[in-house]
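Okay, here's what each chain looks like letter by letter:
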Amino acid sequence: MKIAIYTTVSDDNDINTTIISNRNNYINKHKYSLILDYKTTTDIENISNIQFLLDCYDIVWYLSIDSLITNTKLKIEDISELGPHITVCEETIVPWNHISSQSIVFKNTTDTKMILKSMNTNEKNWKYLPNKWGTWLYAIKDDLGDVLKIAPSRSFSSSIWNNDNHKVFSDWKKGDFVCDLSKINSSKITLMNNILKQII
């Protein structure tokens with residue numbers, strides 16, 4: 001089975017260095033490919049790139065540049081909560097956002113490609129929504145059937161975040177597969193380095 005992790009690189013060199021090292025350690029262990037995108041700046045470009053990559057891989061795992069793999073023993077294809085097509089994790093940080101867009105598994109199926117094409121052509125319907133295409137997908141989830149699987153929170157994306165007063169909250173625990181830090185607004189690299197010490 002050919003598996004790729006696809007990550008869009010940020011403009012923060014410290015975070016890039018930390019995350020890419022984390023990714024390389026993981027893919028070398030499990031013989032995956034790592035696709036680092038230094039050019040993409042929009043969601044619609046991300047969707048197009050995933051469509052292209054699915055012509056080459058059985059699974060494309062989109063993992064944001066703010067996400068650390070914190071349990072390197074786990075293999076993404078062995079996660080029991082994965083659905084047959086597209087799988088996202090439930091998000092519980094804010095009441096208006098139901099699914100995480102930081103860690104998404106796309107399997108190479110006709111239905112996956114159909115949804116990606118629909119996301120591409122319907123950009124005008126999700127571009128200005130709170131979580132963009134994530135909000136749109138959640139709104140039509142009942143029509144998608146098993147094409148969109150919403151896995152329980154922490155299946156392959158746990159979160160650490162802070163509020164406007166910089167108070168830190170977390171549903172990540174040592175041993176969880178992935179730690180998403182996209183909602184951390186300050187001292188992110190310091191927190192990343194602390195979490196790296198707890199990786200298994």
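Residues numbered from 1 in each chain as written. Predicted model: local features only at pLDDT ≥ 70, side-chain atom pairs only at ≥ 80, totals over all residues. Heavy atoms only, no water.

What about the sheet that holds strand 8 (residues 158-162)?
Moving on, step 1. Ordered by their spatial adjacency, four strands build an open sheet running 4-10-8-9, and the pairing between neighbours is mixed. With one partner strand each, in any of the chains shown, strand 4 (67-69) and strand 9 (168-170) form the two edges of the open sheet. Pairs of neighbouring strands in the sheet enclose a mean axial angle of 20°, with direction left out of account.
Moving on, step 2. For strand 8 and strand 9, the ladder comprises three bridges, and the chain directions are antiparallel. Opposite Asn162, over in strand 9, you have Val168 as the bridge partner.
Moving on, step 3. This element, helix 7 (residues 188-196), spans strand 4, strand 8 and strand 10 (178-180) of the sheet and lies at about 15° to strand 4. (Pairing = 2+ DSSP bridges. Helix = DSSP H or I, 4+ residues; strand = E, 2+ residues; numbered from the N terminus. Axes fitted to C-alpha atoms, helices over the stretch in contact; angles between N-to-C directions. Contact = heavy atoms within 4.5 Å.)

A word on the sheet that holds strand 1 (residues 3-8)
Moving on, step 1. Strand order across the open sheet formed by six strands is 2-1-3-6-5-7, with mixed pairing between neighbours. The two strands at the open ends of the sheet, each matched to only one other strand, are strand 2 (33-37) and strand 7 (148-151). Neighbour-to-neighbour, the strand axes of this sheet turn through a mean angle of 20°, independent of strand direction.
Moving on, step 2. With five bridges connecting them, strand 1 and strand 2 associate as parallel partners.

Quick look at the side chain of Lys188
Moving on, step 1. Examined against the element boundaries, Lys188 turns out to sit in helix 7.
Moving on, step 2. The contacts of Lys188, once residues within four sequence positions are left out, are Ile15, Asp66, Leu181 and Ser182.

Notes on the confidence of the model for the chain
Moving on, step 1. On average, residues of the chain score 89 in pLDDT, and 96% of them reach the 70 mark or higher.
Moving on, step 2. When pLDDT is averaged over each element of the chain, strand 3 (residues 59-63) comes out on top at 96 and strand 9 at the bottom at 76. (pLDDT = per-residue confidence, 0-100.)

Focus: the state of the cysteines
Moving on, step 1. Applying the stated rule across the entire model yields zero disulfides.
Moving on, step 2. For Cys179, which is in no disulfide, the shortest distance to another cysteine sulfur is to Cys89 and amounts to 13 Å.
Moving on, step 3. Judged by relative accessible area, Cys179 falls into the buried class, the value being 0%. (Disulfide = S-S within 2.5 Å. Buried < 20%, exposed > 50% of the residue type's maximum accessible area, 1.4 Å probe, protein only.)

Focus: the packing of helix 2 (residues 43-53) against helix 3 (residues 110-121)
Moving on, step 1. At their nearest, the axes of helix 2 and helix 3 sit 10 Å apart, and the two run at 155° to each other. Compared by their axis directions, helix 2 and helix 3 come out roughly antiparallel. For helix 2 against helix 3, the interelement crossing comes out left-handed. Contacts between helix 2 and helix 3 involve Ile44, Ile47, Ser48, Ile50 and Gln51 from the former and Lys113, Leu116, Lys117, Met119 and Asn120 from the latter.
Moving on, step 2. Tallied by class, the residues present in the contact of helix 2 with helix 3 amount to five nonpolar, three polar and two charged. (Parallel < 35°, antiparallel > 145°, perpendicular 65-115°, else oblique. Left-handed = near helix turned anticlockwise from the far one by under 90°. Nonpolar A, V, L, I, M, F, W, Y, C, P; charged D, E, K, R; others polar.)

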